[in-house]
Amino acid sequence: MVMPRIDLTNKPIAIAGASSGIGAATARACARAGMPVALGARRTDRLQALAAEIQASGGRAIAIECDVTDPDACRRLIDKTERAFGPLFAAFANAGYGYEGSVLTDDEDQALRDIFETNVWGSLHIVRPAIERLRAHNSGGHVLMCSSCLSKLGVPYYGPYCATKAAQDHLGRALRAELASEKIAVSTVHPIGTKTEFFDTAATRSSSGKLAFPTPDAVRQPPEKVARAIVRRLRHPRGGEVWTSLGARTMFAMANAMPGMTDRVLRTAVRKGLKKAER
Ligand SMILES: NC(=O)c1ccc[n+]([C@@H]2O[C@H](COP(=O)([O-])OP(=O)(O)OC[C@H]3O[C@@H](n4cnc5c(N)ncnc54)[C@H](OP(=O)(O)O)[C@@H]3O)[C@@H](O)[C@H]2O)c1
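Now for a quick tour of the structure. (Residues numbered from 1 in each chain as written. Predicted model: local features only at pLDDT ≥ 70, side-chain atom pairs only at ≥ 80, totals over all residues. Heavy atoms only, no water.)

1. Let's talk about the site of the ligand
- As a matter of local geometry, the ligand sits amid 29 residues, with Ser 19, Arg 42, Tyr 161, Thr 194 and Thr 196 nearest to it.
- A distance of 2.8 Å is found between an oxygen atom of the ligand and a backbone nitrogen or oxygen belonging to Ile 22.
- Thr 196 is positioned with one of its side-chain polar atoms (N or O) 2.6 Å from an oxygen atom of the ligand.
- Protein coverage of the free-state accessible area of the ligand, which is 880 Å², stands at 96%.
- Elements with a minimum of two residues in the shell around the ligand: helix H1 (21–32), helix H5 (159–179) and helix H6 (198–205). (Near = heavy atom within 4 Å. Polar contact = N/O pair within 3.5 Å; in protein donor to acceptor, adjacent residues only side chain to side chain. Areas by Shrake-Rupley, 256 points an atom, 1.4 Å probe, with all protein chains shown as cover. Helix = DSSP H or I, 4+ residues; strand = E, 2+ residues; numbered from the N terminus.)

Shown next as structure tokens:
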């Protein structure tokens, strides 16, 4: 059966992590589709500039300071979205970051707790109040979390980051089934390397101050590609996972189907990466 396409006009969305990269590109794409957008993040100057840009091109947008590690701030983001634009239609928990670091180093403990606080708890702080609102309206809606292609594979020196992305993936999958009878769609987004500030932030947060294993610039996709896929999913809420690369999706599925070979490939990558980093 072909599902009718949802008209997104005047359907409000709250986006956490909208001040740059994938979140900002998604806000622009949603606004172009007619959605009023509530922009949340810590850098309010960026949010205000983006809200002004969207308003100047005929869209509706508001900027709201929101640190996703603060559950009250996340609830305020959802409340203010409804106060400004009416009943919530969607929320996108996109705020997150990565860093390079081993799982085992003692002094990484705080870094490990921090990344779970933002990427995993931060997502829950957004989707929980959003789902509460959607349930109260009883007319469907959509929550999305920005996971990663790396949710499917723990890769060396990105173990903590991959674990947070896997947690989002698993939480999203479970929620999807739990909420299906209420017609609330739950999607996880699985970008491959994307041209955003992600890699600069990751370098700053990594103990050496630079990345030994960055995704090569040449293979990074533009954030607009992810944004377009998200808008398509909002219009056609089926499928659960949002991917922009069939090749990557297949490769990660095969990597999980052949764990022995995958471990050998990862061991070689570590050897090569460490040698390069020594030079
Ligand atoms: N770029 C990639 O290659 C890639 C690949 C796969 C998945 N992803 C995922 O995509 C998502 C977006 O990242 P991006 O690539 O667009 O990087 P980005 O340009 O660095 O954007 C990260 C966003 O998260 C926000 N953020 C971080 N910590 C926050 C906090 N505590 N509270 C509120 N907002 C916070 C930042 O806003 P403020 O700093 O202003 O608060 C910013 O808006 C992340 O979840 C990331 O894991 C990225």
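2. Focus: a nonpolar patch on the surface
- Together, Met 254, Met 258, Met 261 and Val 265 make up a nonpolar patch on the protein surface, roughly 350 Å² of accessible area in all.
- Within the secondary structure, Met 261 sits in helix H9 (residues 259–278).
- In this structure Met 261 comes out as partly exposed when scored by relative accessible area, which is 39%. (Patch = residues over 30% accessible without salt bridge, like charges linked within 9 Å, V, L, I, M, F, W, Y side chains within 5 Å. Salt bridge = Lys/Arg side-chain N within 4 Å of Asp/Glu carboxyl O. Buried < 20%, exposed > 50% of the residue type's maximum accessible area, 1.4 Å probe, protein only.)

3. Focus on the environment of Ser 148
- Looking at the element boundaries, Ser 148 is found in the loop between strand S5 (141–146) and H5.
- For the pair Ser 148 and Lys 183, spaced 35 residues apart in sequence, the C-alpha to C-alpha distance is 25 Å.
- Leaving out residues up to four positions away in the same chain, Ser 148 has contacts with Tyr 161, Lys 165, Val 189, His 190 and Pro 191.
- A polar atom in the side chain of Ser 148 sits 2.9 Å from the backbone nitrogen of Leu 150. (Contact = heavy atoms within 4.5 Å.)

4. Section: the packing of aromatic side chains
- By the definition in use, this model includes two aromatic pairs.
- Between the aromatic rings of Phe 198 and Phe 199, the centroid separation amounts to 5.2 Å while the plane-to-plane angle is 80 degrees, which identifies the pairing as edge-to-face.
- Look at Phe 198 and you get partly exposed, because its relative accessible area is 23%.
- For Phe 199, a relative accessible area of 10% translates into the label buried.
- Each member of the aromatic cluster is reached from another via a ring pair, and the members are Tyr 161, Phe 198 and Phe 199.
- One residue, Lys 11, lies across the ring of Phe 89, its end atom 5.8 Å from the ring centre.
- One residue, Arg 220, lies across the ring of Phe 199, its end atom 3.7 Å from the ring centre. (Phe/Tyr/Trp six-rings, centres within 6.5 Å; stacked < 30°, edge-to-face > 60°. Lys NZ or Arg CZ within 6 Å of the ring centre and 35° of its normal.)

5. Digging into the packing of helix H4 (residues 109–137) against H5
- Packing of H4 against H5 brings their axes to within 9 Å, and their N-to-C directions diverge by 20 degrees. With respect to each other, H4 and H5 are oriented roughly parallel. Pair H4 / H5 crosses with right-handed handedness. Judged by residue contacts, Leu 112, Ile 115, Phe 116, Asn 119, Val 120, Ser 123, Leu 124, Val 127, Ile 131 and Arg 135 of H4 engage Pro 160, Tyr 161, Ala 163, Thr 164, Lys 165, Ala 167, Gln 168, Leu 171, Leu 175 and Leu 179 from H5.
- Class assignment for the residues of the contact of H4 with H5 results in 14 nonpolar, four polar and two charged. (Axes fitted to C-alpha atoms, helices over the stretch in contact; angles between N-to-C directions. Parallel < 35°, antiparallel > 145°, perpendicular 65-115°, else oblique. Left-handed = near helix turned anticlockwise from the far one by under 90°. Nonpolar A, V, L, I, M, F, W, Y, C, P; charged D, E, K, R; others polar.)

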